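Structure at a glance
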Amino acid sequence: MTDSDVATTAPPALPTPERSSGPNRARIVAIVASILGIVLCGSIPFLPIEQDTAAVNWPQAGSTTSVEAPLVSYTPLRMEASIPCASISELAATGGTLVSTAPPGAADARRYGFVATVSPESSDAPARVDVVLRDRVLLSTPVADLPSGCALTLAAEPTRTTFSATGSEPRVIEGDSRPQVVGVFSDLDSAAAGLNVSIEADSRFTSSPSVIKTLAMILGALTAVVSLFALHRLDNRDGRGTRKFLPARWWKFTVLDGVVVGTLVLWHFIGATTTDDGYQFTMARASEQSGYMSNYFRWFAVPETPFGTPYYNILGLLAHVSTASPWVRLPALLAGIITWLVISREVAPRLGAAIRGNRLALWTGALVFLAFWLPFNNGLRPEPIVALGVLLTWCSIERAVATRRLLPVAVAILIAGFTLTAGPSGLICFAALIAGIRPIMRIIIE
């Protein structure tokens with residue numbers, strides 16, 4: 001073989017990466033935007049908020065009518081009560097409830113609440129006043145033994161509770177003895193001077209971001225978008241040009257696609273939902289009134305953040321339009337359709353030509369997909385979103401390794417983060433990120 005033969009059969013040279021000032025500017029923009037985004041997003045938990053405080057004061061407008069006010073957390077942040085002896089004397093003859101944080105006759109009212117009652121005089125005993133806080137007797141004495149102009153006062157806080165009666169030493173209870181509150185109930189007919197109950201509700205979750213916090217969130221999102229665009233410019237330095245986000249094969253709709261999508265749509269209307277649909281749906285409906293997405297049934301209705309955001313918020317928006325089951329379950333249907341499209345157009349072709357062109361393998365895969373999807377993912381639970389997120393994370397990492405570009409890696413990290421917020425099971429997304437660390441690190445180094 002001659003030298004000329006070798007020259008003609010040599011492989012073509014790889015494209016030379018760009019060396020213009022454009023990539024340098026993109027690199028600077030990427031670095032600055034990413035650092036600024038990290039600082040802004042990292043500062044969000046520490047920026048101020050605007051909290052709406054709620055309090056219950058009784059009597060209201062001079063009326064001693066009982067007030068029902070069930071607190072979200074049952075226990076108030078702070079409670080103060082003052083009962084003058086004039087109110088005690090009013091019930092000395094007939095007896096009744098002076099002040100109670102639970103309805104009279106409620107089960108375990110004395111065990112968990114604050115109850116001050118007067119027992120009427122009988123042939124065997126004089127009229128008595130009894131004050132009980134969480135099954136602890138604070139006062140039990142004949143009404144006649146109380147000095148004139150006296151008052152009973154209670155101040156319950158998270159660290160201590162103080163009770164005192166005029167003419168006696170205050171009684172201090174260390175620790176948290178705050179009563180459960182579902183309202184203020186009384187048998188008094190008039191509001192004597194000094195009668196007062198003040199309840200400060202625990203409204204720590206009734207809040208909204210301040211202006212500076214809102215700006216930090218907006219700017220943090222914008223800098224993330226800018227850094228991703230700059231990373232895309234840096235990826236293009238390999239000289240291979242911009243690759244289509246969705247190749248041409250995505251737009252070829254086959255009979256198999258029609259069967260799968262048609263089955264998903266039909267099952268969306270006639271199929272069984274999950275047993276947790278009422279649980280999730282009530283949480284979404286309750287968020288319309290509370291102003292935030294909380295676990296309505298557990299943990300005193302505190303938010304489950306970061307889990308459930310923004311997926312549960314989307315359910316709340318859908319329920320605000322209509323409460324029809326097919327409507328609020330649209331996210332699950334869309335997740336199923338997109339999952340199948342990704343499997344058939346991204347996953348199957350990567351398994352090799354033997355699978356890509358084998359109709360039997362594709363039909364078998366479709367039937368297996370439907371066999372698992374239909375019974376488990378036709379409701380409001382976040383598993384359909386998690387399944388889609390895991391699949392998209394894997395495909396993004398695989399594309400990054402195949403194309404030797406880093407933008408798909410950044411997209412995979414974002415998808416994994418949002419999938420994790422849909423439910424704790426979204427943590428499985430990071431398995432794909434961990435599996436691709438070594439080839440991705442080689443791309444970064446190169």
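Residues numbered from 1 in each chain as written. Predicted model: local features only at pLDDT ≥ 70, side-chain atom pairs only at ≥ 80, totals over all residues. Heavy atoms only, no water.

**Observations concerning the sheet that holds strand β13 (residues 196-200)**
The antiparallel open sheet is built from six strands, whose spatial order is β2-β13-β4-β9-β10-β11. Only two strands of the sheet have a single neighbouring strand rather than two, namely β2 (55-58) and β11 (171-174). Strand-to-strand twist across the sheet, computed as the mean angle between neighbouring axes with direction ignored, equals 5 degrees. Here five bridges tie strand β9 (residues 151-156) to strand β10 (residues 160-165), and the two strands are oriented antiparallel to one another. Bridging from a neighbouring strand, Thr153 pairs with Ser164 of β10. (Pairing = 2+ DSSP bridges. Helix = DSSP H or I, 4+ residues; strand = E, 2+ residues; numbered from the N terminus. Axes fitted to C-alpha atoms, helices over the stretch in contact; angles between N-to-C directions.)

**A short note on the environment of Gly389**
With respect to the secondary-structure elements, Gly389 resides in helix α13 (residues 383-403). Between the C-alpha atoms of Gly389 and Ile428, which are 39 residues apart in sequence, the distance is 9.5 Å. Excluding its chain neighbours within four sequence positions, the residues that come into contact with Gly389 are Ile415, Thr419 and Cys429. (Contact = heavy atoms within 4.5 Å.)

**Description of the side chain of Thr101**
Position of Thr101 relative to the elements: it lies in the loop between β5 (96-100) and α4 (109-112). Thr101 gets classed as buried once you look at its relative accessible area, which sits at 1%. Beyond its immediate chain neighbours, meaning those up to four positions away, Thr101 contacts Met79, Gly113, Phe114, Pro179, Gln180, Val181, Val182, Gly183 and Phe185. (Buried < 20%, exposed > 50% of the residue type's maximum accessible area, 1.4 Å probe, protein only.)

**A few points about the sheet that holds strand β7 (residues 128-133)**
Strand order in the open sheet formed by four strands is β5-β6-β7-β8, with antiparallel pairing between adjacent strands. Either end of the sheet is taken by a strand with one partner, and the two such strands are β5 and β8 (136-142). Put simply, the sheet's adjacent strands are angled 15 degrees from each other on average, direction ignored. Pairing of β7 with β8 involves six bridges; the strand directions are antiparallel. The residue bridging Leu133 from the neighbouring strand is Arg136, located in β8.

**Brief notes about the layout of surface pockets**
Computed from the structure, the largest pocket encloses a volume of approximately 1400 Å³. Going through the elements one at a time, α2 (21-43), α5 (211-235) and α14 (407-422) are the ones with two or more residues in the lining of the largest pocket. Considering each element in turn, the lining of the largest pocket owes the most residues, eight residues, to α5. Of the residues in the lining of the largest pocket, the class split is 19 nonpolar, 13 polar and one charged. (1 Å grid on protein atoms, 1.4 Å probe; cavity = no way out; pocket = protein on both sides within 12 Å on 5 of 7 lines; lining within 4 Å. Points joined across faces, edges and corners; volume = space filled by probe spheres on them. Nonpolar A, V, L, I, M, F, W, Y, C, P; charged D, E, K, R; others polar.)

**Notes on the pairing of β11**
As paired strands, β10 and β11 are joined by four bridges and run antiparallel to one another. Counted as the bridge partner of Thr162 is Val172 from β11.

**Here we look at the packing of helix α10 (residues 330-347) against α13**
The N-to-C vectors of α10 and α13 enclose an angle of 25 degrees; their axes lie 9 Å apart at closest approach. Comparing their axes, α13 and α10 come out roughly parallel. Here α10 runs over α13; the crossing is left-handed. Where α10 abuts α13, its residues Pro331, Ala332, Ala335, Ile338, Thr339, Val342, Ile343, Glu346 and Val347 lie against Pro384, Ile385, Leu388, Leu391, Leu392, Trp394, Cys395 and Arg399. (Parallel < 35°, antiparallel > 145°, perpendicular 65-115°, else oblique. Left-handed = near helix turned anticlockwise from the far one by under 90°.)

**Points about helix α6 (residues 255-270)**
Taking 1.5 Å as the rise per residue, α6 with 16 residues should run 22 Å; its terminal C-alpha atoms sit 22 Å apart, in good agreement. All buried positions along α6 are accounted for by Leu256, Asp257, Val260, Val261, Leu264 and His268. For α6, the arc enclosing every buried residue in end-on projection is 125 degrees, short of the 170-degree limit, so these residues lie on one face. Those residues of α6 that are exposed and aimed more than 90 degrees away from the buried face are Val255, Leu266, Phe269 and Ile270. Buried residues along α6 sit against α9 (325-328), α10 and α12 (359-376). (Expected span 1.5 Å × (residues − 1). Arc of directions from axis to C-beta.)

**Topic: unusual backbone geometry**
With omega at 0 degrees, the peptide bond leading from Trp58 into Pro59 counts as cis. Looking at where Pro59 falls in the secondary structure, it is placed in the loop between β2 and β3 (67-68). Backbone geometry places Ala61, a non-glycine residue, at a positive phi of 55 degrees. Locating Ala61 in the fold gives a position in the loop between β2 and β3. The exposed category is assigned to Ala61, whose relative accessible area is 88%.

**A short note on the packing of aromatic side chains**
Throughout the structure, instances matching the rule amount to five aromatic pairs. Arranged with centres 5.0 Å apart and planes meeting at 25 degrees, the rings of Tyr279 and Phe297 form a pair that is stacked. Taken as a pair, Tyr279 in helix α7 (residues 277-290) and Phe297 in the loop between α7 and α8 (311-321) lie far apart in primary sequence, 18 residues in all. Classification of Tyr279 as partly exposed rests on a relative accessible area of 24%. Residue Phe297 is classed as partly exposed on the basis of its relative accessible area of 44%. When the ring of Trp340 is compared with that of Phe369, the centres are 6.0 Å apart and the planes differ by 35 degrees; the resulting orientation is tilted. A residue pair is termed long-range when its members are at least 10 positions apart, and Trp340 in helix α10 and Phe369 in helix α12 qualify at 29 residues. Given a relative accessible area of 2%, Trp340 falls into the buried group. The exposure class of Phe369 is buried, given its relative accessible area of 10%. Here the aromatic cluster, defined as three or more aromatic residues joined through ring pairs, consists of Tyr279, Tyr296 and Phe297. (Phe/Tyr/Trp six-rings, centres within 6.5 Å; stacked < 30°, edge-to-face > 60°.)

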